[in-house]
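Okay, here's what each chain looks like letter by letter:
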Amino acid sequence: MTDKASGQAALQALLSRYSVGPKHLQEPGPGRDELALMAQAALRAPDHGELLPFRFKIVQGAARERMAQLFAAAARAAGKDEAAAALDAERALRPPVSVAVLARIDLGHPQVPAHEQWACVGGALSNFLTAAHLLGYGGKMLSGAKVRDPGIQAAFCDPGETLLGWIALGTPLRRPAGPSRKGGVDQALQDWA
Ligand SMILES: Cc1cc2nc3c(=O)[nH]c(=O)nc-3n(C[C@H](O)[C@H](O)[C@H](O)COP(=O)(O)O)c2cc1C
């Protein structure tokens, strides 16, 4: 429990979170301690059986170059031309920090079905993004067909893991403030009778 005043302030801050795409991110990205706080927030997602069905992998510094090469190779493998491959490589280099999101779903778990584990992964991802926002960073979860590229999967995943994509993180150039195209509370919250 938090006291009401600080809870209201935190809630207002949460309600102002919108995704900020890589085009609108600049240096500096979050540091190691801030990323650890984001991971701590992710760990507060409801997790039936405490299975920890997610992992985050930080891509920063020189690792961004390596990821850019992988993105370009995946683009070529998908039949894209050199200009398109260069654009895909740029996607790895543009955000100051990217964080790969991996799910490890135990399909044979006796108590916790796969959909409950996926719900935890979604909660973790959302908490991570919210923590980034509360620390003053912008972020956006991005995927694309490249998450299914065998070379990229081999580079990021242990056996049995699924690559969801990457959270692009950095200092926002602007604060997006909706409105979202999504439906509102009346669609999301209904009475059951
Ligand atoms: C797993 C996952 C993958 C996503 N991949 C993409 C993507 O490749 N491109 C994209 O524009 N949005 C993608 N999105 C959606 C954005 O991250 C974002 O949620 C959406 O633009 C809505 O913005 P909002 O977070 O401000 O509501 C993805 C979301 C999730 C959860």
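Residues numbered from 1 in each chain as written. Predicted model: local features only at pLDDT ≥ 70, side-chain atom pairs only at ≥ 80, totals over all residues. Heavy atoms only, no water.

As recorded by an unreviewed UniProt entry, the chain carries the name Putative NAD(P)H nitroreductase and is attributed to Roseateles oligotrophus. Per UniProt, the comment on the chain under Sequence similarities (unreviewed entry) is "Belongs to the nitroreductase family." (UniProt positions renumbered as here; feature names shortened; annotations may be inferred.)

Asks: Would you take a moment to explain the UniProt feature "domain: Nitroreductase" (unreviewed entry) in the chain for this structure?
Replies: The UniProt record annotates "domain: Nitroreductase" (unreviewed entry) at residues 16–170. In residues 16–170, the share of helix is 43% and the share of strand is 20%. The end C-alpha atoms are 17 Å apart. (Helix = DSSP H or I, 4+ residues; strand = E, 2+ residues; numbered from the N terminus.)

Asks: In this structure, what is going on with the pattern of salt bridges? I would like to understand it.
Replies: In a structure, side chains of opposite charge can pair up when their charged atoms sit close to one another. Applying the stated criterion across every chain yields a total of 5 salt bridges. Ionic contacts of the salt-bridge type, sharing partners, join the residues K80, D88 and R91 into one network. (Salt bridge = Lys/Arg side-chain N within 4 Å of Asp/Glu carboxyl O.)

Asks: I tried to follow a nonpolar patch on the surface on my own but got confused; where do I start?
Replies: Together, L11, L14 and L15 line one region of the surface with nonpolar side chains, adding up to about 270 Å² of accessible area. With respect to the helices and strands, L11 occurs in helix α1 (residues 4–15). (Patch = residues over 30% accessible without salt bridge, like charges linked within 9 Å, V, L, I, M, F, W, Y side chains within 5 Å. Areas by Shrake-Rupley, 256 points an atom, 1.4 Å probe, with all protein chains shown as cover.)

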